[in-house]
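# Inside the fold
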Amino acid sequence: MTEKVALAFSGGLDTTVCVPLLEEEYGYDEVIGVTVDVGQPEGEFAEAEETAEALGLEVHVVDAKDEFADLCLDAVRANATYQGYPLGTALARPVIAQAILDVAIEEGCTGLAHGCTGKGNDQLRFEAVWRDSDMEVIAPVRELGLTREWEKEYAAEKDLPVEAGNEGDWSIDTNLWSRSVEGKELEEPGYVPGEEIYEWTTAPSGDTEEVEITFEEGYPTALNGEAMDPVELIETLNEKAGAYGVGRTDVMEDRMLGLKVRENYEHPAATTLLNAHEGLEALVLTKDERSFKNYVDQEWAEKGYQGLVNGPLVQALEAFVAETNERVTGTVTVRFEGGQARVVGRESPYAVYSAEAASFNTEDVTGDIEQADATGVAKYHGFQERLANRAMERAKAEAVTDGGDSDTGANEE
Ligand code: ARG
């Protein structure tokens, strides 16, 4: 029987050298490449295809954009960011891993392989999904201790088609939700990057633009009144907001294995939607809901970062998010200005805010409550602080009248 292994294939150096290694070192008869479309630029697919052809590798391309975009919008409802980063790479990995597993099952594979090194997060995110299957999980780069140098030599020796232009470039990971850049000079936390690292965002100019985003139960559904599906909405906002320099972050990121890595991200749509969503929550949720939801959101983001969005904790958190977000319906006006996506207006039928109640000009809008009723509350406000301060003053005064030796009181007995 021919033993087949499914390889997460991008056409980069790591996954390219994995192809012969899976046969030579792991004894597989056939390698099947799987490339999962989560919104990478067209050029990446063309490159992967070219490389695969030269390798004689059969590649399956799976379109998972819709599924991935849905997950990104779940992340919006949970206001999910990790150390300021909206989780583009992190959220994509379980989607990619599942798509590869599905192909592997269909093709009767007995192994699953990825080209991750032993330092990053992606190995963990992939394997969290894959190790739920009976298949052998293989990470050649990690297990054989390969270095980029060794890979290059090996590729040259084997005459493997590795993009000459790729070498020495930034390490980039792009999908619908974010573009991340790391490596080269950026590894030095003090290095100030120039404009050349950005592709999705233009340095902010003085120009501004306002957009209106419609939300239904916490999910963004329309832009400037035009209904859009998640993929279209995200792509459109990446362009629109990106033109104003929105969504650049420079993160000293704490990876799961403890490494601190400097990472630069671009995520114009994510920043816009996250800000808008939070702006609408601020209008319709009570103070208590908002502060408790902070904890829920943080946990959601943590699990998102770990690639564990399919576990029971996230399911439970989702229930809270869904319940609170039933009222997160309305429109938010966002202004792109100076690299920011600032909420400048919001409206909802569920607004807890009442202009009448907040105004001084109306007499009785809130049922039986009158302005004068606040007097009692005002009298009590700070009551405990006053008691505590008085107690301290009293104790100090007593210490002084005792002749200052009360601090040795314990020894007097
Ligand atoms: N550090 C990020 C994460 O683990 C993104 C890594 C992206 N990879 C890259 N080559 N820039 O989620």
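Predicted, not measured: the structure shown is a model, and the values here were computed from it.

## What about helix H9 (residues 268–284)?
Helix length check: H9, at 17 residues, gives a terminal C-alpha distance of 25 Å against a target of 24 Å (1.5 Å per residue), a fit within 8%. For H9, the buried fraction is high: 14 of the 17 residues fall into the buried class.

## As for the sheet that holds strand S9 (residues 219–223)
On the basis of which strands lie adjacent, the open sheet formed by five strands has the order S10-S9-S8-S13-S14 and antiparallel pairing. Two strands lie at the open edges of the sheet, namely strand S10 (226–227) and strand S14 (340–347), each paired on one side alone. Taken together, the two bridges between S9 and S10 define a ladder with antiparallel strand orientation. Bridge pairing links Ala222 to Ala227 in S10. Sitting on the sheet, helix H8 (residues 230–242) touches strand S8 (208–216), S9, S10 and strand S13 (330–337), and the angle it makes with S9 is about 65°.

## Comments concerning the nonpolar core
Trp130 and Trp300 are the most contacted members of the largest nonpolar core, which has 77 residues in total. Looking at this core element by element, the count peaks at eleven residues for helix H4 (residues 88–106). If near-sequence neighbours (up to four positions away) are discounted, Trp300 is found in contact with Leu71, Asp74, Ala75, Ala78, Ala80, Leu91, Val309, Val314, Leu317 and Glu318. The next biggest cluster of nonpolar side chains, apart from the first, holds 21 residues, and it includes Leu22, Tyr28, Ile138 and Tyr154.

## Things to note about the packing of aromatic side chains
All told, the structure shown has nine aromatic pairs when counted by the stated rule. For the pair Tyr82 and Tyr305, a centre-to-centre distance of 3.7 Å together with 10° between the ring planes defines the contact as stacked. Of this pair, Tyr82 sits in the loop between helix H3 (65–77) and H4 while Tyr305 sits in helix H10 (residues 287–306), and the two are 223 residues apart along the sequence. The exposure class assigned to Tyr82 is buried, which follows from its relative accessible area of 10%.

## Some details on unusual backbone geometry
Across residues other than glycine, the phi torsion is negative in most instances, and most of the peptide bonds are trans. Phi at Lys184 takes a positive value of approximately 50°, unusual for a residue other than glycine. Assignment of secondary structure puts Lys184 in the loop between strand S7 (179–182) and S8. The exposure class of Lys184 is partly exposed, given its relative accessible area of 40%. Of note in the backbone geometry, Glu217 takes a positive phi value of approximately 50° without being a glycine.

## Some points on the environment of Lys4
Positionally, Lys4 belongs in strand S1 (residues 4–8). The class of Lys4 is buried, set by a relative accessible area of 16%. Those residues in contact with Lys4 that sit more than four places away from it in its chain are Tyr28, Glu30, Ile32, Glu107, Cys109, Thr110 and Gly111. In this structure the side chain of Lys4 is engaged in a polar contact, spanning 3.0 Å, whose partner is the backbone oxygen of Glu107.

## Focus: the state of the cysteines
Evaluation of the coordinates by the stated rule reveals zero disulfides. Distance from the sulfur of Cys18, which forms no disulfide, to the nearest cysteine sulfur (Cys116) is 9.1 Å. The thiol of Cys72 is not disulfide-bonded; the next cysteine sulfur, from Cys116, is found 19 Å away. Note on Cys72: relative accessible area 0%, which makes it buried.

## Some remarks on the side chain of Glu289
Looking at the element boundaries, Glu289 is found in helix H10. Residue classification places Glu289 among the buried residues on the basis of a relative accessible area of 18%. Engagement of the side chain of Glu289 in a polar contact is seen with the backbone nitrogen of Thr286, the distance being 2.9 Å.

## Observations regarding the site of the ligand
The environment of the ligand is formed by 14 residues, the closest being Tyr85, Asn121, Ser171, Glu253 and Glu263. Within the side chain of Arg125, an N or O atom sits 2.9 Å from an oxygen atom of the ligand. Expressed as a share of its isolated accessible area of 350 Å², the protein-covered part of the ligand is 92%. For the shell around the ligand, the secondary-structure elements that each account for two or more residues are H4, strand S6 (171–174), S7 and strand S12 (260–266).

## Points about the pattern of salt bridges
Within this structure, the stated rule accounts for 26 salt bridges. The closest approach of N and O atoms between Arg335 and Glu210, which form a salt bridge, is 2.9 Å. Residue Arg335 is located in strand S13, and its partner Glu210 is located in strand S8; the two are separated by 125 residues in the primary sequence. Assessed through its relative accessible area of 24%, Arg335 is described here as partly exposed. The partly exposed category is assigned to Glu210, whose relative accessible area is 43%. Members of the salt-bridge network, linked through shared partners, are Arg93, Asp122, Arg125 and Asp173.

## With respect to the sheet that holds S12
Overall, antiparallel pairing links the four strands, which are arranged S6-S7-S12-S11 in an open sheet. Here the strands that pair on one side only, and so sit at the sheet edges, are S6 and strand S11 (248–254). Averaged over all adjacent pairs, the angle separating strand axes in this sheet is 25°, with direction ignored. Where S11 meets S12, seven bridges bridge the pair, whose relative direction is antiparallel. When the bridges of S12 are listed, Thr249 appears paired with Tyr265.

Calculation notes
- Residues numbered from 1 in each chain as written.
- Predicted model: local features only at pLDDT ≥ 70, side-chain atom pairs only at ≥ 80, totals over all residues.
- Heavy atoms only, no water.
- Helix = DSSP H or I, 4+ residues; strand = E, 2+ residues; numbered from the N terminus.
- Expected span 1.5 Å × (residues − 1).
- Buried < 20%, exposed > 50% of the residue type's maximum accessible area, 1.4 Å probe, protein only.
- Pairing = 2+ DSSP bridges.
- Contact = heavy atoms within 4.5 Å.
- Axes fitted to C-alpha atoms, helices over the stretch in contact; angles between N-to-C directions.
- Core = buried A, V, L, I, M, F, W, Y, C linked by side-chain atoms within 4.5 Å.
- Phe/Tyr/Trp six-rings, centres within 6.5 Å; stacked < 30°, edge-to-face > 60°.
- Polar contact = N/O pair within 3.5 Å; in protein donor to acceptor, adjacent residues only side chain to side chain.
- Disulfide = S-S within 2.5 Å.
- Near = heavy atom within 4 Å.
- Areas by Shrake-Rupley, 256 points an atom, 1.4 Å probe, with all protein chains shown as cover.
- Salt bridge = Lys/Arg side-chain N within 4 Å of Asp/Glu carboxyl O.

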